[in-house]
Amino acid sequence: MSAALVLATIEVLVPSFISLGFALGAAMVGLLLVFGVSASGLALTLAVFAVLSLISYLLMRKFFALPTGQVKIWHKDVND
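Cut-offs applied
Residues numbered from 1 in each chain as written. Predicted model: local features only at pLDDT ≥ 70, side-chain atom pairs only at ≥ 80, totals over all residues. Heavy atoms only, no water. Helix = DSSP H or I, 4+ residues; strand = E, 2+ residues; numbered from the N terminus. Contact = heavy atoms within 4.5 Å. Areas by Shrake-Rupley, 256 points an atom, 1.4 Å probe, with all protein chains shown as cover. Axes fitted to C-alpha atoms, helices over the stretch in contact; angles between N-to-C directions. Parallel < 35°, antiparallel > 145°, perpendicular 65-115°, else oblique. Left-handed = near helix turned anticlockwise from the far one by under 90°. Nonpolar A, V, L, I, M, F, W, Y, C, P; charged D, E, K, R; others polar. Expected span 1.5 Å × (residues − 1).

Student: Could you give an account of the overall build of the chain, with specific residues and numbers?
Tutor: The helix and strand inventory of the chain stands at 3 helices and 0 strands. Across the chain, the fraction of contacts at a sequence separation of at least 24, relative to all contacts at a separation of at least 6, is 51%. Carbon together with sulfur atoms contributes 73% to the accessible area of the chain, which is approximately 6400 Å² in total.

Next comes the structure, spelled out in structure tokens:
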């Protein structure tokens, strides 16, 4: 759960959606461990973390992405 907090803090400082996927994966693994669902070793726990992080990243990419073909076009510069 501490790793999830650190990764979420990194996401706030450097917005990229990458750290947020890892933070959600770490939080879900932490919740699984709190509720007594544990893997049979470190390797399996890391594999569960990787799968949950990938799933959360793909879901965020699906729901928060720009619509297909939409590009942000700037008509005015900051220095204008």
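Text resumes after the structure shown.
Student: Break down the packing of helix α1 (residues 2-13) against helix α2 (residues 18-34) for me, with residues and values.
Tutor: Relative orientation of the contacting elements α1 and α2 amounts to 165°, with a least axis distance of 8 Å. In terms of orientation, α1 and α2 fall into the roughly antiparallel class. Our pair here, α1 against α2, has a crossing hand that is left-handed. Here Ala3, Ala4, Leu7, Ala8, Ile10 and Glu11 of α1 come into contact with α2, specifically with Ile18, Ser19, Leu20, Phe22, Ala23, Ala26 and Ala27. Split into classes, the residues belonging to the contact of α1 with α2 amount to 11 nonpolar, 1 polar and 1 charged.

Student: If you had to explain α2 to someone new, which residues and values would you point to?
Tutor: The end-to-end C-alpha distance of α2, which contains 17 residues, comes to 25 Å, matching closely the 24 Å that a straight helix rising 1.5 Å per residue would cover. Check the buried side of α2 and you find it contacts α1 and α3 (42-64). Just downstream of α2, Gly36 is the residue with a positive phi angle, here 90°.

Student: Can you explain the packing of α2 against α3? Please cite residues and give values.
Tutor: When two helices pack together, their arrangement is given by the angle between the helix axes and the distance between those axes. Contact pair α2 / α3: the axes reach a minimum separation of 7 Å and the direction vectors enclose 130°. On the basis of the axis angle, α2 is oblique to α3. Crossing handedness for the pair α2 and α3: right-handed. Of the residues in α3, those in contact with Ile18, Leu20, Gly21, Phe22, Leu24, Gly25, Ala26, Met28, Val29 and Leu32 of α2 are Thr45, Val48, Phe49, Leu52, Ser53, Ser56, Tyr57 and Met60.

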